[in-house]
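# Structural characterization, general
One-letter residues, chain by chain:
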Amino acid sequence: MKTDTRAYHGFYGVITRHPRLILTVALLVSLLAIVVTQQRLQFLTGRDQLMPANTAFNRDYQAYRAEFGDQEEIAVVIESSDSTLAGRFGERLAQRLTADRKHFREVFFPFGLPFFQQNGLLLMPREELATFTANLTKAAPTLKALAAAPSVQTLFTHLTGEMDDLLAAPAASTEQARLDRLVFMLGALGDGIGSFSKGGGAGLSLESVMFRRPDGSESSFATAGRQQVLTVLPVKDESSFMQSAAAIDALRTEIAALRKLPEFAGVSVGITGTPVLEHEEMVTSKHDITLATAITLVLTVILLLVAFRGIINTVAAMIALGVAICCSFGFATLAIGHLNILSSVFAVMLIGIGIEYGIQIILRMQEELGRGAQKNEALRTALARNGWPITMAAATVAAAFATFAFTDFKGIAELGIIAAGGIAICVIVTFTVLPALLTIFPARMPKPRASVGEPAWQRLVFGRPRAVLAAALVLSLACVYPLARSEFDYNLMNLQARGLESVTYAYKLMRSKENAGYFAVVMAATEAEAAEKARRLEKLPTVDHVVWARTFVPDDQGEKLRLLAAARQSLDGIKTAPYEEDLRLMELPTVFENFRNRVAKLKSRLEQEKRPEVKPVGDFLATLDRFFATLEKKKDTSAVGMLKDFQGGMFAEMPVRIGMLRQSLAARPVQAADVPPQLMQRFVGKTGKYLLQVAPKEEIFAREPLKRFLDDVRSVDPAATGEPVMVYESMTVLRDSYRNAFFYAIAAIAAILLVAFRSVRYALIGLVPLAVGLLFMVAGMRLFGISFNSANVIVLPLVLGIAVDSGIYLINRYRREDETPRQVVLSSTGIGVFLNTLTIMASFGALMVARHQGVFSIGAVMCLGMVACQIAFIVVLPAVLELAGKK
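Residues numbered from 1 in each chain as written. Predicted model: local features only at pLDDT ≥ 70, side-chain atom pairs only at ≥ 80, totals over all residues. Heavy atoms only, no water.

### Some points on the overall build of the chain
Scanning the chain from terminus to terminus reveals 33 helices and 11 strands. The globule rule puts the C-alpha radius of gyration for 887 residues at 29 Å, and the 37 Å found for the chain is more than 25% above it. Seen through its C-alpha atoms, the chain measures out along the principal axes to roughly 120 × 65 × 45 Å. In the chain, of all internal contacts separated by at least 6 residues, the share reaching a separation of at least 24 is 81%. Just so you have it, the chain exposes about 37,600 Å², and 59% of that area is on carbon and sulfur atoms. Side-chain charges in the chain split into 92 positive and 81 negative, and the spacing between the mean points of these groups amounts to 9 Å. (Helix = DSSP H or I, 4+ residues; strand = E, 2+ residues; numbered from the N terminus. Rg over C-alpha atoms; globule rule 2.2 N^0.38 Å. Contact = heavy atoms within 4.5 Å. Areas by Shrake-Rupley, 256 points an atom, 1.4 Å probe, with all protein chains shown as cover. Lys, Arg positive; Asp, Glu negative; His and termini not counted. Charge placed at Lys NZ, Arg CZ, Asp CG, Glu CD.)

### Considering the packing of helix H12 (residues 274-308) against helix H14 (residues 346-370)
Two elements in contact, H12 and H14, have axes whose closest approach is 11 Å; the angle formed by their N-to-C orientations is 10°. Overall, the two elements H12 and H14 adopt an arrangement that is roughly parallel. Where H12 abuts H14, its residues Ile289, Thr293, Thr296, Leu297, Thr300, Leu304, Ala307 and Phe308 lie against Val348, Ile351, Ile355, Ile359, Ile362, Leu363 and Gln366. (Axes fitted to C-alpha atoms, helices over the stretch in contact; angles between N-to-C directions. Parallel < 35°, antiparallel > 145°, perpendicular 65-115°, else oblique.)

### What to know about the pairing of strand E10 (residues 690-696)
With 7 of 7 residues buried, E10 lies mostly within the body of the structure. Alternating residues of E10 divide into Tyr690, Leu692, Val694 and Pro696 and Leu691, Gln693 and Ala695, and every residue in both groups is buried. Bridging between strand E8 (residues 520-524) and E10 involves 5 bridges; their strand directions are antiparallel. Note that in E10 the partner of Met523 across the bridge is Leu691. Summarising the sheet, strand E9 (residues 543-547) and E10 pair through 4 bridges and their orientation is antiparallel. Of the residues in E10, the one forming a bridge with Val546 is Val694. (Buried < 20%, exposed > 50% of the residue type's maximum accessible area, 1.4 Å probe, protein only. Pairing = 2+ DSSP bridges.)

### Considerations on the sheet that holds E10
Read from one edge to the other, the open sheet built from 3 strands follows the order E8-E10-E9, with strand pairing classed as antiparallel. Every interior strand has two partners, whereas the edge strands, E8 and E9, have only one. Adjacent strand axes in the sheet meet at a mean angle of 25°, parallel and antiparallel pairs treated alike. Seen against the sheet, helix H3 (residues 56-68) touches E8 and E10 and runs at an angle of roughly 70° to E8.

### As for the sheet that holds strand E4 (residues 227-234)
Strands sit in the order E3-E4-E2-E5 across an open sheet of 4 strands; the sheet is antiparallel. The sheet terminates laterally at strand E3 (104-108) and strand E5 (268-272), the two strands that pair on one side only. Strand after strand, the sheet turns through a mean of 20° between neighbouring axes, direction not considered. Relative to E4, E3 runs antiparallel, the two sharing 4 bridges. Its bridge partner lying in E4, Phe104 is registered against Pro234.

### Considering a nonpolar patch on the surface
A cluster of nonpolar residues, Val298, Leu299, Ile302 and Val306, forms a patch on the protein surface that exposes about 350 Å² of accessible area. Locating Val298 in the fold gives a position in helix H12. (Patch = residues over 30% accessible without salt bridge, like charges linked within 9 Å, V, L, I, M, F, W, Y side chains within 5 Å. Salt bridge = Lys/Arg side-chain N within 4 Å of Asp/Glu carboxyl O.)

### Observations regarding the pattern of salt bridges
When charged atoms on two side chains of opposite charge get close, those side chains can pair. Here the structure, examined in full by the defined rule, presents 41 salt bridges. Between Arg364 and Glu817 there is a salt bridge, with its nearest N and O atoms 2.9 Å apart. Residue Arg364 is found in helix H14, and its partner Glu817 is found in the loop between helix H30 (795-816) and helix H31 (821-826); the two are separated by 453 residues along the sequence. Of the two residues examined, Arg364 and Glu817, each falls in the buried class. Close ionic contact of Arg611 with Glu609 constitutes a salt bridge, the shortest N to O distance being 2.7 Å. Sharing partners across several salt bridges, the network here consists of Arg364, Glu367, Glu368, Arg371, Arg385, Arg813, Glu817 and Glu819.

### As for H14
The terminal C-alpha atoms of H14 lie 36 Å apart, and with 25 residues this matches the ideal 36 Å at 1.5 Å per residue to within 8%. At Glu356, H14 shows its strongest bend, of approximately 30°. Of all 25 residues that make up H14, 24 are buried, and the element is covered over most of its length. Two residues or fewer past H14, Gly372 is found with a positive phi of approximately 105°. (Expected span 1.5 Å × (residues − 1). Bend = angle between axes of the 7 residues up to and from the residue.)

### Thoughts on the packing of helix H15 (residues 375-402) against helix H16 (residues 410-440)
In contact at an axis separation of 9 Å, H15 and H16 are set at 175° when each is read in the N-to-C sense. Taken together, the axes of H15 and H16 lie roughly antiparallel to each other. When grouped by side-chain class, the residues that make up the contact of H15 with H16 number 16 nonpolar, 6 polar and 1 charged. (Nonpolar A, V, L, I, M, F, W, Y, C, P; charged D, E, K, R; others polar.)

### Some thoughts on unusual backbone geometry
In the Ramachandran plot, Arg309 falls in the positive-phi region, its phi being about 50° despite a non-glycine side chain. Here Arg309 lies in the loop between H12 and helix H13 (312-335). Despite not being glycine, Lys610 has its phi angle at roughly 55°, a positive value.

### Section: the nonpolar core
Ranked by internal contacts, the top residues of the largest apolar core, which has 250 residues, are Phe132, Phe156, Tyr357, Phe401, Phe595 and Met777. With residues up to four places along the chain from it excluded, the contact list for Tyr357 reads Ile390, Ala394, Val397, Ile423, Cys426, Val427, Thr430 and Tyr809. (Core = buried A, V, L, I, M, F, W, Y, C linked by side-chain atoms within 4.5 Å.)

### Section: the packing of aromatic side chains
Both the distance between ring centres and the angle between the ring planes are used here to describe each pair of aromatic rings. Tallied over the entire structure, the rule returns 17 aromatic pairs. Arranged with centres 5.2 Å apart and planes meeting at 75°, the rings of Phe156 and Phe592 form a pair that is edge-to-face. In this pair, Phe156 is assigned in helix H7 (residues 152-168) and Phe592 in helix H22 (residues 588-608), connecting sequence segments 436 residues apart. For the residue pair Phe156 and Phe592, the accessibility class agrees, reading buried in each case. Taken together, Phe156, Phe592, Phe595, Phe620, Phe627 and Phe628 form an aromatic cluster joined through their ring pairs. If you follow Arg761 out to its NZ or CZ, it ends over the ring of Tyr762, 5.2 Å from the centre. (Phe/Tyr/Trp six-rings, centres within 6.5 Å; stacked < 30°, edge-to-face > 60°. Lys NZ or Arg CZ within 6 Å of the ring centre and 35° of its normal.)

### Some details on H15
The largest bend in H15 amounts to roughly 45° and is located at Asn386, with the proline Pro389 lying one to four residues further along. When you tally the buried positions in H15, you get 21 out of 28 residues, the bulk of the element.

### Considerations on the environment of Glu609
Within the element layout of this structure, Glu609 appears in the loop between H22 and helix H23 (614-633). Within the structure, the side chain of Glu609 is placed 2.7 Å from the side chain of Arg611, a separation counted as a polar contact. (Polar contact = N/O pair within 3.5 Å; in protein donor to acceptor, adjacent residues only side chain to side chain.)

### Some thoughts on the environment of Ala850
Here Ala850 shows up in the loop between helix H32 (828-845) and helix H33 (853-884). Separated by 194 residues in sequence, Ala850 and Val656 have C-alpha atoms that sit 50 Å apart.

### Notes on a negative patch on the surface
Taken together, the side chains of Glu580, Glu581, Asp582 and Asp645 define an acidic patch exposed on the protein surface. As for its placement among the helices and strands, Asp582 is situated in the loop between helix H21 (557-571) and H22.

### Re the state of the cysteines
Enumeration over the complete set of coordinates arrives at 0 disulfides. No disulfide involves Cys869; its nearest neighbouring cysteine sulfur is the one of Cys479, lying 12 Å away. The class of Cys869 is buried, set by a relative accessible area of 1%. (Disulfide = S-S within 2.5 Å.)

### Quick look at the pairing of E5
Consecutive side chains along a regular strand alternate between the two faces of the sheet. A large share of E5 lies buried, amounting to 4 of its 5 residues. Direction of pairing for strand E2 (residues 74-79) relative to E5: antiparallel, over a ladder of 5 bridges. Opposite Glu79, over in E5, you have Ser268 as the bridge partner.

Put into structure tokens, the structure is as follows:
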């Protein structure tokens, strides 16, 4: 190939004469951008920093924060079938965390407060306390026997004797009180055996006896005891992208150390709360985006190598892209000064979007080289022919991003500004740095592609334009239904990586009425106002309960103290003896056999007398037989160890538990002044305002129950705030912001198409396949079960801006050159459009490796959108052009 020695003038002449100078300036600017970015770019992590500051809901939240301080606590959820064991774990952990002032500002563990240990029973509902007293009365004879000699033999022998006394009475004269007491104890033992067999607890515990409801379920007090919550306010590092990371790591270290101790073998612990959820979201998304970036770069290089059929042009395109990304980071630093969780993904976007302009230049240059043109002339033609369409294509994408700046959501607006600026930089680099590199690098003629006959798919796609449009119309109409049924997923938990501990325990707290960690907040200026609001709130159908300062002053104390006095009488005469592990294994078979026979006889007696108690006794017998069958299977291996665990779980802590029970039964009248300051300060603010925590009756992570709950709460106080309000309102703002950006983008793209084509007719032609592609995308989402959410909704305006590029390139070539629609699609321009789609899919599709479901959904929806729009532009657009004719 001869060297082109002609002198070029104008802008292209500057490039051909001074390519090394251009590259030197570009590299220096890139290095400067890197330095500025490293020194000045910051990261915002809090969601409230991304929201519009002038909204009523945000002002209400800030007022709440100003009155009560930072309430974004880490919740440590401690679970055990033994409430005493869970409490002991919590107390030990609280001591360790309180000593660590470096990582924790405040530690709060209600179970460890003497106030609750002394007065906890008074806080029970009166009906449940009455049941508690009745249960203790029924269990007193058995407890007296077990306290004196705590062992399996005592338990089963005592109950066997109770049944013998009952069976000795004449038929039809069974004493009802004795029978009730016996059936109650068998039911409690059956529950304990079932729990032990599943690995969840002791065979019989004071909790399972005292807090057992008549229907066999446990009271809320017992449930709360088995799931206790310790809350921690972490020390945050304001300069870090993950502000609570050090505190969370320190907390997990302390939990792991305690769980290794043999005494806490039956305790499970997990952490959740806003700081943990945000931290894990940052960790997973950062890892996912880093991995996706690497995958994107690799896939992009592979695609370019295949498309360009050579290394040199691929290297040139990637160097230009690298310069553009470095400069884009510098622009982000100077224009905004920080990144947020939304704008931090713009680099991944630019890889796929920014490379498309270089693809069009290089492929057209290779096409001209294939026609015999010299390198510089081929490059000049490529720039001349693609300058306007690339500029217009970039304008559509930049416009799609720029529309974000007109939304109310700060995080989205910043992403729009940064990404739009990045697109402009990519275009500048494409018209300066890339041509300079191509001028310096030697030209390599790609091998001509093998000529083959017209494939069948070309005849099908391009040979029947009316049939293609008819099929597109039918499919588009079919897609209207899924479009109408599309929904926005408000549940932020669905964005997190699956299986995260913080998400699992967030759901546990939500489903736990006693320890609800996700509640609305209402403030009141006076105690009287707070009492009135609490009364009205608790009447609402969506509210489970309200907690405020006076919640800890029990109501109906006179009746409750009377019930506790009766319970104390049941414990009179009970003296505890130390527990000994001796099982007396030789006696157990006979003890078990006698006990089982008496239960069977009792069941037969009740069947003869047709008493309703036959069912619970029969159920217990079935449970007992399964337990004995398990012991029989393990008699040669682990039966002894199983029995030791069974007995130890029931009786090892019995003296301590009876002592704690006596302490709790000695409660005295409680006044407001008795509530400890550590507890009161959580509900009375800096200026004396009262805080009311409103717990929902339903699970409110999803939108509909959340809206019902908030509508009810706001009917009492329109200024209600808290995490549920912030989530609902911010998601609404986010959804509306992207919806508005979508319509802004449509208007901007329509205007750009009018400018690009200078023709209403061709502008409308360019919009037809875009509409078809969007309908196909929404239908695809419905087919794959993907909903719009706060992460992937960003894709809507982007698909508009990116996909319409294909129409600009194809229509521009069709109008300027003497080619049919089929020839345009099969030309370097059409191949470039197809390759552009693949690079976009590579960059966004790489996000589908993410564990973070929000990041994954961005990649999935973008890939669906690009495939749908690519089909529309490659198939539908040529049919429209064919029928419309060239004018």
